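Summary of structural features
The primary structure of each chain is shown beneath.
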Amino acid sequence: MRIDTYFTVAEVDPPALESAVVVVVDVLRATTTLLEALANGARGVYPTASTEDAVKLAHTLGRDDTLMCGERKGARVEGFDLGNSPREFTREAVEGKRLVMSTTNGTRALTAAQHAHRLIPCAFTNLGAVARVAQGAERLVVICAGREGRYAMDDALCAGHLLRRVLGDAEGELNDASRAARALAGFRKPSRRLFELTDGGRALLEIGLGDDLDVCAQVDRHDILAEMRDQVIVLTGD
Ligand code: MLT
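Report follows, based on the coordinates. By convention here, each chain's residues receive numbers from 1 onward along its written sequence. Local features in this predicted model are restricted to residues of pLDDT 70 or higher, and side-chain atom pairs are both shown and tallied only at a pLDDT of 80 or more, whereas totals for entire chains, interfaces and linings draw on every residue. Excluded from the side-chain calculation are hydrogens and water; included are all heavy atoms of the structure.

1. Concerning the site of the ligand
- Put simply, a residue is near a molecule or strand once any heavy atom of it comes within 4 Å of that molecule or strand. Lining the immediate surroundings of the ligand are Asp26, Leu28, Arg29, Ala30, Glu71, Gly74, Asn84, Thr103, Thr104, Asn105 and Gly106.
- For the purposes of these results, a polar contact is taken to be a pair of N or O atoms within 3.5 Å, where, inside protein, one atom must be able to donate a hydrogen and its partner to accept one; residues adjacent in sequence count only when each atom of the pair is a side-chain atom. Within the side chain of Arg29, an N or O atom sits 2.6 Å from an oxygen atom of the ligand.
- One of the side-chain nitrogen or oxygen atoms of Glu71 is found 3.3 Å away from an oxygen atom of the ligand.
- Working definition of accessibility: Shrake-Rupley area with a 1.4 Å probe, residue cover restricted to the visible protein chains. Against a free-state accessible area of 260 Å², the protein chains account for coverage of 93% of the ligand.

2. Notes on helix α5 (residues 127-134)
- With a 1.4 Å probe rolled over the protein chains alone, any residue whose accessible area is under 20% of its type maximum counts as buried; one over 50% counts as exposed, and the rest are partly exposed. What counts as a helix is a DSSP run of H or I of at least four residues, what counts as a strand is a run of E of at least two, and both are numbered from the N terminus. In terms of residue burial, α5 counts as a mostly covered element, since seven of its eight residues are buried.
- Taken as a whole, α5 has its buried residues at Leu127, Gly128, Ala129, Val130, Ala131, Val133 and Ala134.
- Two residues form a contact once any of their heavy atoms are found within 4.5 Å. For α5, the secondary structure elements touched by its buried residues are β2 (21-25), β7 (118-122), β8 (139-144), α6 (153-167) and β10 (225-229).

3. Overview of the packing of aromatic side chains
- Any two rings among Phe, Tyr and Trp, with Trp reduced to its six-membered ring, count as a pair given centres within 6.5 Å; such a pair is stacked if its planes are under 30 degrees apart, edge-to-face if over 60, and tilted if neither. Taken as a whole and judged by the stated rule, the model has two aromatic pairs.
- Taking the centre distance of 6.2 Å and the plane angle of 35° together, the rings of Phe124 and Phe195 count as tilted. Taken together, the residues span a long stretch of sequence, with Phe124 in the loop between β7 and α5 and Phe195 in helix α8 (residues 192-196) at a distance of 71 residues.

4. Some thoughts on the pairing of β10
- Burial runs high along β10: four of the five residues are buried.
- Any two strands with at least two DSSP-identified bridges between them are counted as paired. Judged from the five bridges that link them, β10 and strand β11 (residues 232-236) form a sheet pairing that is antiparallel. Bridging across to β11, Glu227 finds its partner in Val234.

5. With respect to the packing of α5 against α6
- Running from N to C, α5 and α6 point in directions that differ by 50°, and their axes come no closer than 9 Å. By the criterion of interaxial angle, the relationship of α5 to α6 is oblique. As α5 packs across α6, the resulting crossing turns out to be right-handed. Mapping the contact onto sequence places Leu127, Gly128, Val130, Ala131 and Ala134 in α5 and Cys158, His161, Leu162, Arg165 and Val166 in α6.
- Under this grouping Gly is polar, as are all residues other than the nonpolar Ala, Val, Leu, Ile, Met, Phe, Trp, Tyr, Cys and Pro and the charged Asp, Glu, Lys and Arg. Here the contact of α5 with α6 is composed, by residue class, of seven nonpolar, two polar and one charged. Axis definition: a line fitted to C-alpha atoms, over the contacting stretch in the case of helices. Angles run 0 to 180 degrees between N-to-C directions. Note on terminology: angles under 35 degrees are roughly parallel, angles over 145 are roughly antiparallel, angles of 65 to 115 are roughly perpendicular, and the others are oblique. If you view the pair so one helix is near and one far, a crossing is left-handed when the near helix is turned anticlockwise from the far one by less than a right angle, and right-handed when it is turned clockwise.

6. Some words on α6
- One fewer than the residue count of a helix, multiplied by 1.5 Å, yields its expected span. Between its first and last C-alpha, α6 extends 21 Å over 15 residues, near the 21 Å set by a 1.5 Å rise per residue.
- When you tally the buried positions in α6, you get twelve out of 15 residues, the bulk of the element.
- A positive phi of about 55° marks Gly168, the residue just after α6.

7. Observations concerning the nonpolar core
- Grouping buried Ala, Val, Leu, Ile, Met, Phe, Trp, Tyr and Cys residues that are joined through side-chain atoms within 4.5 Å yields what is termed a nonpolar core. Of all hydrophobic cores here, the largest spans 39 residues; its most connected members are Val23, Val27, Leu140, Leu162 and Phe195.
- When residues of this core are traced back to their parent elements, those giving at least two are β2, β7, α5, β8, α6, α7 (176-187), α8 and α10 (212-216).
- For this core, the element with the most residues is α6, which contributes eight residues.
- Non-local contacts of Phe195, meaning those with residues more than four positions away in its chain, are made with Val27, Leu28, Phe124, Asp154, Leu157, Pro190, Gly201, Arg202, Leu213, Cys216 and Ala217.
- Within the second largest apolar cluster, 33 residues are counted, among which are Ala42, Val94, Leu119 and Ile224.

8. A few points about the pattern of salt bridges
- Here a salt bridge means any side-chain nitrogen of Lys or Arg lying within 4 Å of a carboxyl oxygen belonging to Asp or Glu. In total, this model carries 21 salt bridges according to the counting rule given.
- When the shortest N-O distance is used, the salt bridge between Arg165 and Asp220 registers 2.9 Å. In this pair, Arg165 is assigned in helix α6 and Asp220 in the loop between α10 and β10, connecting sequence segments 55 residues apart.
- On the accessibility criterion, Arg165 (33% relative accessible area) is partly exposed.
- Look at Asp220 and you get partly exposed, because its relative accessible area is 37%.
- Overlapping salt bridges bring together Arg192, Arg193, Glu196, Asp211 and Asp214 as one network.

What follows is the structure, encoded as C-alpha cells:
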C-alpha cells in the first residue's frame, strides 16, 4: 500500500489524486464540524472556496432549506446562518438542511481535492470509520488542510493516528510526511490540553471558542463515513 501525506494543500499534485482514495483532515475545525452536521441529520454539505461562492450557491439551491455556514478568522461570516463551531451544528439546527460552507482552510482543501477517485473527510471524531475504508485502498493520500498555508499540528496528529490504525505493524510504502505523522502519533494523543498549545487552538481560545476543542479531540465520537460526490458531501456506507 502506497501512502502519501501532505501537510499543506500547496504540496498536492491534483492529477495524482485521480486514482487515489483521498482523505482530507481539518481537525480545527472544518471536517470536525461538517461531520457533526451530517451526524445530526444534515442532508449534505457543499464546500465552497469563497464566501461569494457560498452565497451564490445557497441562492441557487434555494434558501428555504439551505443554511450558509463558515468562518473568517474563526468567527461566523456576517450574514451567514452558522459559523464553524461544531457545537452549533445540533440536530435542531441542521436536520434536513443542506449546508453551504466556506472556511479559511478546510473547504479550500476539499475543493482542491474534488477530482479524487474517492474523497473522504476525516477528523478524530470519525477516525475509525475512515480507517476501515482506507485499509482497502491501494493508494492512499492524506491531505492536511493546515492553517493559512502552513503546517498544523492537530491535522498532522490526526493523519498519524489514521496511519497507525490503517497500517498496524505493517511498514507500507510511505513518504516522509507519512513517517513523521505516524511517529508524532506514537507519543501524542489528542486532547483539549494539547490543542490549546497549537496555533489554531490558541486562536480559538482568544475568541472564546475554546470549548470547541473538547469536541474536536473526541476520538470515534461518531461511527460515520462521509464522501464528496458531485461537489456535495453526504453520509455513505463503507
Ligand atoms: C478552516 O477551515 O479554516 C478552519 O476550520 C478554521 C476555523 O475553524 O476557525
